[in-house]
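Chain and residue survey
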Amino acid sequence: MASYAIEYAPSGRAKCKASGELIPKGELRIAKVTEMERDGETITMQAWHRLVPFFQAQKRMRKKENQLKATSELAGFEEISAEDQERVAKMVADFHDPDVEFPPAEEKKKRQTSEGKTEEAPKKRVKKAELPEIEAESRECPKASDLKELASELVGRCRARGLDVPTDDTVARKRLGALVMQAKSGDTVDVAAVVAAADKEFGAKKTVETACEANAGLALAFEELASAYFKAGDRMRGSSYKKVSGVLAEQPAPITSGAECKSLKGVGKGSQEKIDEFLQTGKIAKLEELKNA
């Protein structure tokens, strides 16, 4: 069976897989066809697209060898009109011609502001802080009290280094204490090895680029909450809070309450309460609970 199919949309109910737009009845549409085995049966799935969004999606494909190369790969191609055959054939040829700019660049996503306006949205960028080099260092710790003291000292040093160390000091000391014991040989602790292990254990703190700098901390808190849920295996909540972080990062003016965000896509009552909590305390309790678990 061909990897692709083409036909006129029999109804106006289906949405374009790439753009999310409804495909009007009678409009030419293209599908990527995939087959999978389930319970001994072959199931065929078709992801329908409008023409231009189809080629835009093709351009993003990592496996270029799977791109549509010729109209002969299109099941149903002979059933469409001669005029449409010529149009589609030109699109395929232009797509593979390096001297032709096709398909056109995708329109940038729009954002919805808390005032209900729609405008172009910048892409949210999450970055990790660059960590300084680790210098060679060792410490003599013949007593248990020396090890505890070193662990406490490293909590502050790792935070100053830019690591995402747990905010609970007791939890942070225990986790660094374990790393100290792993780097201990006799009475000597390889402090540089502890710091290197902490880099892997905690990772660098993230920063989020936002349209309004005043919202950076809030967007970051929701980004971290999403990451914490992903690590806990809760992909649903992780995806939900990641989307909230993106929406908050797009807002052009300072966010002053959760209520003003209720019209923003994906920001439900629970997220609004967490926004208020962060604005009032600088923290989200659930995030601290997950980070310190």
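Residues numbered from 1 in each chain as written. Predicted model: local features only at pLDDT ≥ 70, side-chain atom pairs only at ≥ 80, totals over all residues. Heavy atoms only, no water.

**Observations regarding the sheet that holds strand S8 (residues 138-140)**
Pairing in this open sheet of three strands is antiparallel, and the strands run S8-S10-S9 from one edge to the other. Strands at the two margins of the open sheet, each flanked by one partner only, are S8 and strand S9 (184-185). Where S9 meets strand S10 (residues 188-190), two bridges bridge the pair, whose relative direction is antiparallel. From the neighbouring strand, Ser185 faces S10, where its bridge partner is Thr188. Its contacts with the sheet place helix H3 (residues 144-161) against S8, S9 and S10, and it is angled at close to 150° to S8. (Pairing = 2+ DSSP bridges. Helix = DSSP H or I, 4+ residues; strand = E, 2+ residues; numbered from the N terminus. Contact = heavy atoms within 4.5 Å. Axes fitted to C-alpha atoms, helices over the stretch in contact; angles between N-to-C directions.)

**Side note on unusual backbone geometry**
Cis geometry is adopted by the peptide bond preceding Pro103, which originates at Phe102 and carries an omega value of 0°. Within the element layout of this structure, Pro103 appears in the loop between helix H2 (82-96) and strand S5 (110-112).

**Considerations on the pairing of strand S2 (residues 28-38)**
With five bridges connecting them, strand S1 (residues 4-8) and S2 associate as antiparallel partners. In the sheet register, Tyr4 faces S2, and the bridge partner there is Lys32. Pairing geometry for S2 and strand S3 (residues 41-49), over nine bridges, is antiparallel. In the sheet register, Ile30 faces S3, and the bridge partner there is His49.

**Quick notes on the nonpolar core**
Core analysis: the largest hydrophobic core is formed by 23 residues, its most contacted members being Leu218, Phe222, Leu248, Cys261, Val267 and Ile275. For this core, the secondary structure elements donating two or more residues are helix H6 (216-231), helix H7 (235-250) and helix H8 (269-281). It is H6 that contributes the most residues to this core, nine residues altogether. For Leu248, the contacting residues outside a window of four places in its chain are Asn215, Leu218, Ala219, Phe222, Ile255, Cys261 and Ile275. (Core = buried A, V, L, I, M, F, W, Y, C linked by side-chain atoms within 4.5 Å. Buried < 20%, exposed > 50% of the residue type's maximum accessible area, 1.4 Å probe, protein only.)

**A short note on the packing of H6 against H8**
At a minimum axis separation of 11 Å, H6 and H8 run at an interaxial angle of 125°. The angle between H6 and H8 falls in the class oblique. You can see that H6 and H8 cross each other, and the crossing is right-handed. Across the interface between the two elements, Gly217, Leu218, Ala221, Phe222 and Leu225 from H6 touch Ser271, Lys274, Ile275 and Phe278 from H8. (Parallel < 35°, antiparallel > 145°, perpendicular 65-115°, else oblique. Left-handed = near helix turned anticlockwise from the far one by under 90°.)

**Observations regarding the pattern of salt bridges**
Scanning all chains against the criterion turns up 17 salt bridges. Note that Arg161 is salt-bridged to Asp199, the shortest N-O span being 2.9 Å. In this pair, Arg161 sits in helix H3 while Asp199 sits in helix H5 (residues 191-202), placing the two residues 38 residues apart along the sequence. In this structure Arg161 comes out as buried when scored by relative accessible area, which is 15%. Exposure remark for Asp199: the relative accessible area of 17% places this residue in the buried category. Ionic pairing is found between Glu224 and Lys291, a salt bridge with its closest N-O pair at 3.9 Å. Linking Glu224 in helix H6 with Lys291 in helix H9 (residues 285-291), this pair joins segments that are 67 residues apart in sequence. (Salt bridge = Lys/Arg side-chain N within 4 Å of Asp/Glu carboxyl O.)

**Concerning the environment of Glu73**
Structurally, the position occupied by Glu73 is in the loop between helix H1 (51-59) and strand S4 (74-75). Take Glu73: its relative accessible area is 24%, and that puts it in the partly exposed class. It is 9.8 Å that separates the C-alpha atoms of Glu73 and Ile6, two residues lying 67 residues apart in sequence.

**Re the environment of Ser138**
Following the sequence through the fold, Ser138 ends up in strand S8. Taking C-alpha positions, Ser138 is 9.7 Å from Ala183, a pair spaced 45 residues apart along the chain. For Ser138, the contacting residues outside a window of four places in its chain are Thr188, Val189 and Val191.

**Things to note about the packing of aromatic side chains**
The full count for this structure, using the stated rule, is six aromatic pairs. Geometrically, the ring pair formed by Phe54 and Phe55 is edge-to-face, given 5.1 Å between the ring centres and 80° between the ring planes. Residue classification places Phe54 among the buried residues on the basis of a relative accessible area of 1%. A centroid spacing of 5.6 Å and a plane angle of 45° characterise the contact between Phe55 and Phe95, whose relative ring orientation is tilted. Taken as a pair, Phe55 in helix H1 and Phe95 in helix H2 lie far apart in primary sequence, 40 residues in all. Exposure class is identical for Phe55 and Phe95. Each is buried. By way of ring pairs, the aromatic residues Tyr4, Phe54, Phe55, Phe95 and Phe102 are connected into one cluster. When the ring centre of Trp48 is taken as origin, the NZ or CZ atom of Arg29, which lies over that ring, is 4.0 Å away. Lys32 extends its terminal NZ or CZ atom over the ring of Tyr4, reaching a point 5.5 Å from the ring centre. (Phe/Tyr/Trp six-rings, centres within 6.5 Å; stacked < 30°, edge-to-face > 60°. Lys NZ or Arg CZ within 6 Å of the ring centre and 35° of its normal.)

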